[in-house]
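What the coordinates show
Letter by letter, the chains look like this.
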Amino acid sequence: MDGNHSSDAAFTQRRERMVEEQLVRRGISDHQVLSAMRTVPRHLFMPQDQWEAAYDDSPQPIGYGQTISQPFVVASMTEHLVLTPSSRVLEIGTGSAYQTAILAEIAQEVYTIEYVSELGQRGRSLLESLGYRNVHFRIGDGSFGWPEAQPFDSIIVTAAADEIPGPLVKQLDMHARMILPVRGREPDSQDLIRLTKTPAGIQRETLYQVRFVPLRSSQ
Ligand code: SAH
């Protein structure tokens, strides 16, 4: 390995360290999530001139004013969905498609919607080239969900809404979970919320503070 070009083995080693230091040490314990985070080559989801920072403990720019989320946030949000190998997941905000790949490692089917068509197309070709066959891509405003593919047993939104989009709540199956950042009182930060659909109604938990780009609206 020289200073500018890291080998696959070097990236694998960095990924191991990322999992130990940023995830296990902070309490991520779901083995499916840890295994997915060890497997997916995070650097490939970023522009090549940023590969050296790919395993840092922070979000990174991916172009079009958007970001790839911090590894801990990706792992933690995935863990809070409590996925199984038979899960059908809807993701709003494909972005780099890194979170998409993590979901696709664990779940049966992943439906992902991205507003910026260049990002959606780039994500699709990258995941196809990495061999994922269980991901369905769509370009558009994800606030309306994916009616033809509902109900979902997990929904994850990776852009911050002012209010919880009603159509997404409707597309949740019974006992399904949705995790999303919602704008709070502070101007810059948001509450990460988890909703669970139960026979008695929608249960709501506030998990912790996060900072995501805004959910865009086509209306
Ligand atoms: N999970 C992504 C996060 C990307 S940032 C990753 O780790 O790479 C959030 C993404 O949501 C951006 O790509 C943005 O374009 C997209 N987005 C914003 N509003 C949206 C909407 N209404 N529908 C679909 N995607 C949206």
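Calculation criteria
- Residues numbered from 1 in each chain as written.
- Predicted model: local features only at pLDDT ≥ 70, side-chain atom pairs only at ≥ 80, totals over all residues.
- Heavy atoms only, no water.
- Near = heavy atom within 4 Å.
- Polar contact = N/O pair within 3.5 Å; in protein donor to acceptor, adjacent residues only side chain to side chain.
- Areas by Shrake-Rupley, 256 points an atom, 1.4 Å probe, with all protein chains shown as cover.
- 1 Å grid on protein atoms, 1.4 Å probe; cavity = no way out; pocket = protein on both sides within 12 Å on 5 of 7 lines; lining within 4 Å.
- Sits in = over half its atoms within 2 Å of the grid points.
- Helix = DSSP H or I, 4+ residues; strand = E, 2+ residues; numbered from the N terminus.
- Pairing = 2+ DSSP bridges.
- Axes fitted to C-alpha atoms, helices over the stretch in contact; angles between N-to-C directions.
- Core = buried A, V, L, I, M, F, W, Y, C linked by side-chain atoms within 4.5 Å.
- Buried < 20%, exposed > 50% of the residue type's maximum accessible area, 1.4 Å probe, protein only.
- Salt bridge = Lys/Arg side-chain N within 4 Å of Asp/Glu carboxyl O.

What follows deals with the site of the ligand. Surrounding the ligand, one finds 26 residues, the nearest of these being Ser96, Glu114, Asp141, Gly142 and Arg216. Contacts to the ligand include Ser69, whose backbone N or O atom sits 3.3 Å from an oxygen atom. Contacts to the ligand include Thr158, whose side-chain N or O atom sits 3.2 Å from a nitrogen atom. Relative to its unbound accessible surface of 580 Å², the ligand loses 100% to contact with the protein. More than half of the atoms belonging to the ligand lie within 2 Å of the grid points that define the largest pocket. Secondary structure elements with two or more residues in the shell around the ligand: β2 (66-68), β3 (88-92) and β4 (109-114).

Looking now at the sheet that holds β3. Read from one edge of the open sheet, seven strands run β5-β4-β3-β6-β7-β8-β9, paired in mixed fashion. Strand pairing shows two members of the sheet lacking a second neighbour, β5 (135-139) and β9 (201-210), which therefore form its edges. Direction aside, the axes of adjacent strands within the sheet are offset by 15 degrees on average. As paired strands, strand β6 (residues 152-157) and strand β7 (residues 172-183) are joined by four bridges and run parallel to one another. Along β7, the bridge assignment pairs Phe152 with Leu172.

With that out of the way, let us pick up the nonpolar core. Residues Leu23, Met37, Phe45, Tyr98 and Leu127 are the most contacted members of the largest nonpolar core, which totals 47 residues. Core analysis: the next-biggest nonpolar cluster, separate from the first, contains 17 residues, Ile155, Val157, Ala176 and Val182 among them.

All told, the structure shown has seven salt bridges when counted by the stated rule. A salt bridge links Glu52 to Arg14, with the shortest nitrogen-to-oxygen separation between them at 3.3 Å. Linking Glu52 in the loop between α2 (31-39) and β1 (60-63) with Arg14 in helix α1 (residues 8-23), this pair joins segments that are 38 residues apart in sequence. Its relative accessible area of 17% is what places Arg14 among the buried residues. Arg26 is paired through a salt bridge with Asp57; the nearest N and O atoms lie 2.5 Å apart. One end of the pair, Arg26, is in the loop between α1 and α2; the other, Asp57, is in the loop between α2 and β1, with 31 residues separating them in the sequence. On the basis of relative accessible area, Arg26 is assigned to the partly exposed category, the value being 39%. The exposure class of Asp57 is partly exposed, given its relative accessible area of 34%. Each of Glu16, Glu20 and Arg38 takes part in one network of salt bridges that share partners.

Our next topic: the pairing of β9. Two strands pair when backbone bridges link them, and strand β8 (residues 190-198) and β9 are joined in this way by eight bridges, in the antiparallel orientation. Along β9, the bridge assignment pairs Gln190 with Val210. Counted between consecutive antiparallel strands, the loop separating β8 from β9 contains two residues.

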